[in-house]
Structure formats: C-alpha cells, structure tokens
Amino acid sequence: MVNAVLLGVQWGDEGKGKVVDLLTERADAVVRFQGGHNAGHTLVIEGVKTVLHLIPSGAMREGIECLIGNGVVVDLQHLIREIDSLKKRDIDITERLMISLGCPLILPYHVVLDRVRDEARGKSAIGTTGRGIGPCYEDKVARRGLRAADLLDEKVFSDKLEQVMEYHNFMISNYYHSESVDYQNTLEVMLQAREAVLPLIGDVSARLNALCQSGKSIIFEGAQGMMLDIDHGTYPYVTSSNTVSAAASCGSGIGLGQVGNVVGVIKAYTTRVGSGPFPTESLDSYGMHLARQGNEFGATTGRPRRCGWLDIAALRRAVQVCGINALCMTKLDVLDGLDKVRLCIGYQCRGEQIDLPPYGAENLEQCEPIYEEMPGWDIPTAGLRNYAEIPEPALAYLDRVAELLERPVTIISTGAGRDETIILQHPLEAG
Ligand code: GDP
Ligand code: IMO
Ligand code: MG
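Residues numbered from 1 in each chain as written. Chains lettered and ligands numbered in written order. Predicted model: local features only at pLDDT ≥ 70, side-chain atom pairs only at ≥ 80, totals over all residues. Heavy atoms only, no water.

J.: Is there a simple way to explain empty space enclosed by the protein in this structure?
T.: In this structure the tally under the stated criterion is two cavities of 30 Å³ or more. Around the largest cavity sit Met-227, His-232, Gly-233, Thr-234, Arg-317, Pro-357, Pro-358 and Tyr-359, which together line it. The residue inventory of the lining of the largest cavity, partitioned by class, reads four nonpolar, three polar and one charged. Each of domain 1 (4-101 + 199-258) and domain 3 (266-423) accounts for three or more of the residues forming the lining of the largest cavity. The computed volume of the second largest cavity comes to approximately 40 Å³. Contributing to the lining of the second largest cavity are Val-9, Gln-10, Trp-11, Met-227, Thr-270, Leu-310, Asp-311, Ala-314 and Leu-315. At the level of elements, β12 (310-311) and α10 (312-322) are the ones that each hand at least two residues to the lining of the second largest cavity. (1 Å grid on protein atoms, 1.4 Å probe; cavity = no way out; pocket = protein on both sides within 12 Å on 5 of 7 lines; lining within 4 Å. Points joined across faces, edges and corners; volume = space filled by probe spheres on them. Nonpolar A, V, L, I, M, F, W, Y, C, P; charged D, E, K, R; others polar. Domains from an automatic or database assignment. Helix = DSSP H or I, 4+ residues; strand = E, 2+ residues; numbered from the N terminus.)

See the structure below:
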C-alpha cells in the first residue's frame, strides 16, 4: 500500500482536482483534510466539466470512497446541493461519502461575519470567497463552534446554537451595525439539513486507519495552496487553515507516517485570486497571455485571477515546509507560443538578495523578483501524452524547475482533460 498527499503549493487553483481525479485510477479512497467550499476543483472527463467544492475529487470514479476529514469546515446546505447536482448526473455519492464527526459546521452567521469583516477592512480587505470559512475556523479555535457530532442530538444542537448565536448576533448588530441572523430560522434550516446528512456522519479517522490496515491506497487532497497557509503563507492575506502537508494528518486523523508521498502541484506560472502580495505578477502582454490562454477565472467566485511568472523562491519555501518529494507541473500548454519564459529565482529585498520569501505580507511587498529568462516554444505541448514529444525548450524549462527545486517533476499536465497528462512516476507506486 502506498498513500500520497497532493497539495497546491502556490496560491491555489494549480489544477489539484484534475490530477487527483486522474490518480484515483489506482486509489481506494480520497480524503479532504482542510478548507471548505472556498475550494473549486475542476475535473474535465470526456469533455464534460465538473467543479467540486467540498466533495473530494474521487467522486467521478465508481467505488472510490470519498471522505471529508475533521479539518474541513462544512456548510451542510452547500454539501446537499453538491450531492444533488451529482445525483442529477446519475452519480450517487452518498453510498461512499463520509463526513467526520469532528467537522466544524459553517452556519449562516459565519457567512454574514465573513462579509461584514472583510468590508470593515476597507482597502486592506482580504477578498475572501465570502463563504464563512474564516469565522467558522475562529469558532472552532475559540472552542464555541458546532461540529457534525452535535447534530446527533437535536437538543444539544439547538441549545449550543442558541448560545453561540446570541454571542455573534451581539457582535453583528452592535459592532458591525448589520442585521442580526434569526435563530429560529437558522435552527429550522439546520434541522432540515440534519435529516439528509445524519447517515453520512461517521468516524473518518477510524475508517482511514482501517483502510490502511487492509492495504488500501489513499489520496489526501489538499485545497487552496501553500502560500495561502495560515502560518506559512502571505499572512494576513491567507485562508484560515493550514494547507501544508502536515495538515493531511491532523485534518483527517491518521499518523504522519501514513500520509505517504508528498506531491507538490504547481502551475507552470503563478495565479492568485483576492488581495495580497504577488511579486511575480505580470500586468503586461505576458500576463494577459497567461490569463487568456489559461482561462484564469476563479472556479468558486468567477473572479479574474491575477497572473504572473513562476516563483521559484516561493516554491522553495513550499518544498521545505511540506517535505515535497515530487512535483506535478500543470498547464504547461498555457506557455505555448510565448517568445520567452521567466523564472523568479530569488528576490531583491531592502538591499539584500534573498532566495526565500520573507514571512508577513508587508515584507513580501518589499521584494522585487530576480528573473532568469529562457527561450519560449512554438511547437505546442497542448494535449501531449508522450514525454518524447515535448519540444526541447519546454523540456529545458521543466528541467530547470526541477534543478532549482532539487525535486523531480514526475507528472506533467498539458490540458484540462483527464487524459491530457504525462505520468513519469505514479505517486501511488512504490518509488
Ligand atoms: P484546483 O483548485 O487546483 O483544482 O484548480 P482549478 O480547477 O480551480 O483551476 C485549474 C483550471 O485549469 C481548471 O479550469 C482546469 O480545468 C484547468 N486545467 C487543469 N490542468 C490543466 C492543464 O494542464 N492545461 C490547461 N490548459 N488547463 C488545465
Ligand atoms: P482551491 O482549492 C484560490 C483565497 C481567496 C482569498 C483568501 C481567503 O480551488 O485552490 P477564504 O474564503 O478562504 O477566507 O479566502 O484565499 N482562496 C483561494 N484562492 N483557490 C482556492 O481554493 C481558494 N480558497 C481560498 O480568494 O484571497
Ligand atoms: Mg480552484
């Protein structure tokens, strides 16, 4: 049995969903371990597009167990909608979906708080997805949140909800001067959802450990990306969870040693949705090429993604923090047709040359990228499935990235479709 964790190691939207879906060919289960429906993971199978937000990207293959670990914040209404939209396409996920008893629940007041807080930040707004993610994690850490386990007893649930809503409504109306959220209404909505999800709630940690014991292969599917990590990312312009590899263990309830291979998924360039420093952002014709060819619009909010060159300095941090042993490069095809490509190999920061991003957004704002330039390529890589057909300059680009990061590129994605991929070493194979 070999397991693997697949992590985005930039600012999200690296193509994790596509790659996880493809790799499930050899897996038995896929588990999400952090984030929530702020994620948008796109799968394109035989030309049909599916965007998953909360349900793991094992959904499209029959027989693959889909587990939502305790590290994931769950919006029950959203979950039900996502289950229903799969059902409409004859995919009944409920037979193989389990939600951890430990999942914190996103409640309607979290969504209100997310909005009013980001509005109150004015010019320094984070640009969150507005889905209540941050406020839900806050309630978890403050030890006042409601969890999936609370749904088991209606009375426990309604009492806790009343208490926590009293607290938050006070803040919403007296501090943010916004309209408070109605308790009875919230309770009704939640109890209705409870009926639908009760059969799905279970002990994900125990299930995962049982799967490991019986020699099954598990993929841990990261959401967001390393540079959005609450501790190691561009704080405060980050999400509210740990997105690093270690989160796969504590966010699902399995020992660190069982997480297996750590694959860092990188886009051939960089994108970012929302505010915050982005040293390699390119506002010129190259940036426009990336946005257009890469069709860079958020899968969750539809916002245009900011685009720029690949940032090796930022990736160095990710390799260190996540203990990455292999890289998957997606969207290589988007660079097709450029006369040159650039790699940011370090920064000039306050008169010093540095090769890792400094901690804190204010410090990263001060960094100017130091670029290395390489020739582009005219022969398209789009849709290639064969390593030998990759044009020389594109191979040189891949090799240089591997050299700079001291990690092999073992998967190359050349298109959105499931099969538009070159796998040199499968992460679920013993290496
Ligand atoms: P995720 O959040 O990491 O799963 O990534 P998203 O789904 O948000 O964004 C990735 C986008 O790129 C989606 O529209 C994918 O269909 C698309 N995509 C993934 N891999 C490739 C690739 O190799 N080439 C191209 N052109 N598109 C890709
Ligand atoms: P996937 O899994 C890209 C960004 C938001 C915002 C910041 C905080 O599809 O890669 P939040 O709602 O999490 O409090 O917002 O994080 N963000 C993402 N950006 N891809 C994602 O997920 C993201 N999830 C959150 O845009 O800047
Ligand atoms: Mg996405």
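J.: Looking at this structure, I do not really get the layout of surface pockets. What am I missing?
T.: One way to see where empty space is left: roll a probe the size of a water molecule over the atoms. Estimates place the volume of the largest pocket at around 790 Å³. Considering the residues around the largest pocket, the lining is formed by 38 residues, among which Ile-126, Thr-128, Thr-129, Val-238 and Thr-239 are closest to the centre. The element that contributes the greatest number of residues to the lining of the largest pocket is helix α4 (residues 133-141), accounting for four residues. Each residue belonging to the lining of the largest pocket can be placed in one class, and the counts come to 13 nonpolar, 16 polar and nine charged. What the second largest pocket holds in volume is close to 600 Å³. Lining of the second largest pocket is provided by 27 residues; of these, Thr-42, Gly-294, Arg-305, Lys-331 and Ala-416 occupy positions nearest its centre. Mapped onto the lining of the second largest pocket, the elements with two or more residues apiece are α1 (16-23), β3 (41-45) and β4 (48-52).

J.: It is not clear to me how the coordination of the magnesium ion (ligand 3) should be interpreted in this structure. Could you clarify?
T.: Six octahedral donors around a metal ideally make angles of 90 or 180 degrees; four tetrahedral donors ideally make 109.5 degrees. For the magnesium ion (ligand 3), the protein coordination sphere consists of Asp-13 (OD) and Gly-40 (O), at 2.0 to 2.2 Å. Of this pair, Asp-13 sits in the loop between β1 (4-8) and α1 while Gly-40 sits in the loop between β2 (29-32) and β3, and the two are 27 residues apart along the sequence. Since its relative accessible area comes to 11%, Gly-40 is described here as buried. (Donors = N, O, S within 2.8 Å, 3.2 Å for Na, K, Ca; no water. Buried < 20%, exposed > 50% of the residue type's maximum accessible area, 1.4 Å probe, protein only.)

J.: I'm lost on helix α7 (residues 204-213) in this one. Help?
T.: Spacing of three or four residues puts side chains on the same side of an α-helix, whose turn is 3.6 residues. Buried within α7 are the following residues: Val-204, Leu-208, Leu-211 and Cys-212. One side of α7 carries all its buried residues, which in axial view fall inside an arc of 100 degrees. In this structure, the buried side of α7 is in contact with β2, β5 (65-68), β6 (97-100), β7 (201-202) and β8 (218-221). At the exit of α7 stands Gly-215, carrying a positive phi of roughly 75 degrees. (Arc of directions from axis to C-beta. Contact = heavy atoms within 4.5 Å.)

J.: I keep staring at the sheet that holds strand β9 (residues 261-267) and nothing clicks. Help me out?
T.: Sheet strands pair by backbone hydrogen bonding; their relative direction is either parallel or antiparallel. Taken in spatial order, the 10 strands of this open sheet run β7-β6-β5-β2-β8-β1-β9-β13-β17-β18, and their pairing is mixed. Of all strands in the sheet, those bounded by a partner on one side alone are β7 and β18 (421-423). (Pairing = 2+ DSSP bridges.)

J.: How should I be thinking about the nonpolar core in this particular structure?
T.: Membership of the largest hydrophobic core comes to 57 residues, with the highest contact counts inside it found for Leu-208, Phe-220, Met-329, Leu-335 and Tyr-397. Per-element tally for this core: the top contributor is helix α12 (residues 392-405), with eight residues. No fewer than three residues from each of domain 1 (4-101 + 199-258) and domain 3 (266-423) sit in this core. Judged by nonpolar contacts, the second largest core, of 44 residues, contains Met-60, Leu-151, Tyr-176 and Met-190. (Core = buried A, V, L, I, M, F, W, Y, C linked by side-chain atoms within 4.5 Å.)

J.: Is there a simple way to think about the site of ligand 1 in this case?
T.: Around ligand 1 sit 18 residues in total, of which Gly-15, Lys-16, Thr-42, Asp-333 and Ser-413 are the nearest. A distance of 2.9 Å is found between an oxygen atom of ligand 1 and a side-chain nitrogen or oxygen belonging to Asp-13. Against a free-state accessible area of 590 Å², the protein chains account for coverage of 91% of ligand 1. A molecule is said to occupy a pocket when more than half its atoms come within 2 Å of that pocket's grid points, and by this definition ligand 1 occupies the second largest pocket. Where the shell around ligand 1 is concerned, the elements lending two or more residues are α1 and β3. Residue contributions to the shell around ligand 1 peak at three residues, all from α1. Each of domain 1 (4-101 + 199-258) and domain 3 (266-423) gives at least three residues to the shell around ligand 1. (Near = heavy atom within 4 Å. Polar contact = N/O pair within 3.5 Å; in protein donor to acceptor, adjacent residues only side chain to side chain. Areas by Shrake-Rupley, 256 points an atom, 1.4 Å probe, with all protein chains shown as cover. Sits in = over half its atoms within 2 Å of the grid points.)

J.: How should I be thinking about the domain arrangement of the protein chain in this particular structure?
T.: One frequently used descriptor of interface size is the decrease in accessible area upon assembly of the parts. Domain assignment breaks the protein chain into domain 1 (4-101 + 199-258), domain 2 (108-197) and domain 3 (266-423). Of note, the centres of domain 1 and domain 3, computed from C-alpha atoms alone, are 24 Å apart. Across the boundary between the two partners, domain 1 contributes 35 residues, which contact 40 residues of domain 3. Here domain 1 packs against domain 3, burying approximately 2900 Å² in sum over the two surfaces, 62% of which is carbon and sulfur. A per-residue breakdown of the area domain 1 buries against domain 3 is headed by Gln-10, Trp-11 and Lys-18, which together make up 24% of the total. Inspection of the domain 1/domain 3 interface yields two salt bridges. Between Asp-21 and Arg-418 there is a salt bridge; the shortest N-O distance is 2.7 Å. On inspection of domain 1 and its partner domain 3, the count reaches 17 residue pairs in polar contact (both at pLDDT 80 or more). Sorting the residues of the side of domain 1 that touches domain 3 by element identifies α1 and β3 as the ones contributing at least two each. Sort the elements by how many residues they give to the side of domain 1 that touches domain 3 and α1 lands first, with five residues. Here the side of domain 1 that touches domain 3 is composed, by residue class, of 18 nonpolar, 11 polar and six charged. (Buried area = accessible area lost by both parts, 1.4 Å probe. Salt bridge = Lys/Arg side-chain N within 4 Å of Asp/Glu carboxyl O.)

J.: Where do I start with the site of ligand 2 in this structure?
T.: Surrounding ligand 2, one finds 20 residues, the nearest of these being Asp-13, Lys-16, His-41, Thr-129 and Thr-239. Residue Gln-224 places a main-chain N or O atom 2.8 Å away from an oxygen atom belonging to ligand 2. With respect to ligand 2, the side chain of Arg-303 contributes an N or O atom lying 3.0 Å from an oxygen atom. Among the detected pockets, ligand 2 sits in the largest pocket.

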